[in-house]
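Letter by letter, the chains look like this.
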Amino acid sequence: MAKIPAGPTGQYTWLEPESPANLDEQPVYPHNHVWETRSGHSIEMDDTKDRERIRIQHRSKTFTEMHPNGDEVHKVWGDNYEITLGRNNVYIKGHCVVTIEGDSVVNVKGNKYEKIEGDFIQEISGRYISNIKQDTSIISNGDMSIGVGDPVTGELTIRNGDRTQIVGDLSVTGSVTATNLNAETKVNAGTGVTAGILGFVTESGGVSVGIPVSSPVGTINAALSVTAGLSVTAPFITGSIVSDMAGTMMGMRAVYNSHFHYAPFGPTSSPIVPMTLL
């Protein structure tokens, strides 16, 4: 997993700036001009040197204040509604922090496009759920890493209705468990291939190791030889020569067919070397 880079100082927090007209630095007469209504609304135009400001305040304490350095504080002591019937453009040159102590809902009835020229980092303390009703594409021009929890106990589950297709090589550090494993061309093993009690069986025959599902009738063709630890229940045919553990059939004919002829037309003798069972 890639390490999340640290953000700038004060990345997640900020404080409301204090008004230039505070308890320690009050406006200086006659530079502060105040207009106040009977209910408590007020407008202040303060020309005090180095503390110039403008403050418009509602009797409910909701106010807007402009500070000497150009800062502006807009504080609403209740709900805030902002309605724009045309285009809305926001330009922020510096750092932007939005703090929401409750829930946040963004309802976009059209398309949403985000262009990020730097990093995009999300830190989520709870669950992350994404429901997408149409096709989804995630494309990375660099490397991509997906990790789940602890590297020992974490589990990644991929569910689909048809198939999962990987275009390229698949390297697995560990074991692969499958209900059915099919290869369209070949399976290469660096050290060995192990099968359970059903062994390896191909649909057209050819390989059956372990306890086969069926016993197809066929032949075994060997370019040089076939070696069995115990026995092979079939003769070996190499080219036109048939042989078993006692030798070739041609050699056995030469040994066990030898006999004597008595008189010109008499009977033949028994084989000189009688054939016995092994």
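Further up the page is the structure itself.
What you are looking at is a predicted structure, and each value in this text was computed from that prediction instead of being measured.

Chemist: Hey, could you run me through a nonpolar patch on the surface in this one?
Modeler: A cluster of nonpolar side chains, namely Ile138, Met144, Ile146, Val148, Leu156 and Ile158, defines an oily patch on the protein surface of about 670 Å² accessible area. When you line up the elements, Met144 lands in the loop between strand 5 (72-75) and strand 6 (236-238). Taking the relative accessible area as the measure of exposure, Met144 reaches 52% and is therefore exposed.

Chemist: Explain the pattern of salt bridges to me, please; I cannot follow it from the model alone.
Modeler: If the charged atoms of two oppositely charged side chains come close together, the side chains can form a pair. Under the defined criterion, the tally for this structure stands at 5 salt bridges. When the shortest N-O distance is used, the salt bridge between Arg53 and Asp46 registers 3.2 Å. As far as burial versus exposure is concerned, Arg53 and Asp46 are alike and both buried. The salt bridge involving Arg53 is made with Glu65; its shortest N-O contact spans 3.2 Å. Here Glu65 lies in strand 4 (residues 63-66) and Arg53 lies in strand 3 (residues 53-57), a separation of 12 residues in the sequence. The exposure class assigned to Arg53 is buried, which follows from its relative accessible area of 4%. Relative accessible area serves as the criterion here: at 2%, Glu65 is assigned to the buried category. What emerges from the salt-bridge pattern is a single network uniting Glu44, Asp46, Arg53, Arg55 and Glu65.

Here is what the cut-offs are and how they apply
- Residues numbered from 1 in each chain as written.
- Predicted model: local features only at pLDDT ≥ 70, side-chain atom pairs only at ≥ 80, totals over all residues.
- Heavy atoms only, no water.
- Patch = residues over 30% accessible without salt bridge, like charges linked within 9 Å, V, L, I, M, F, W, Y side chains within 5 Å.
- Areas by Shrake-Rupley, 256 points an atom, 1.4 Å probe, with all protein chains shown as cover.
- Salt bridge = Lys/Arg side-chain N within 4 Å of Asp/Glu carboxyl O.
- Helix = DSSP H or I, 4+ residues; strand = E, 2+ residues; numbered from the N terminus.
- Buried < 20%, exposed > 50% of the residue type's maximum accessible area, 1.4 Å probe, protein only.

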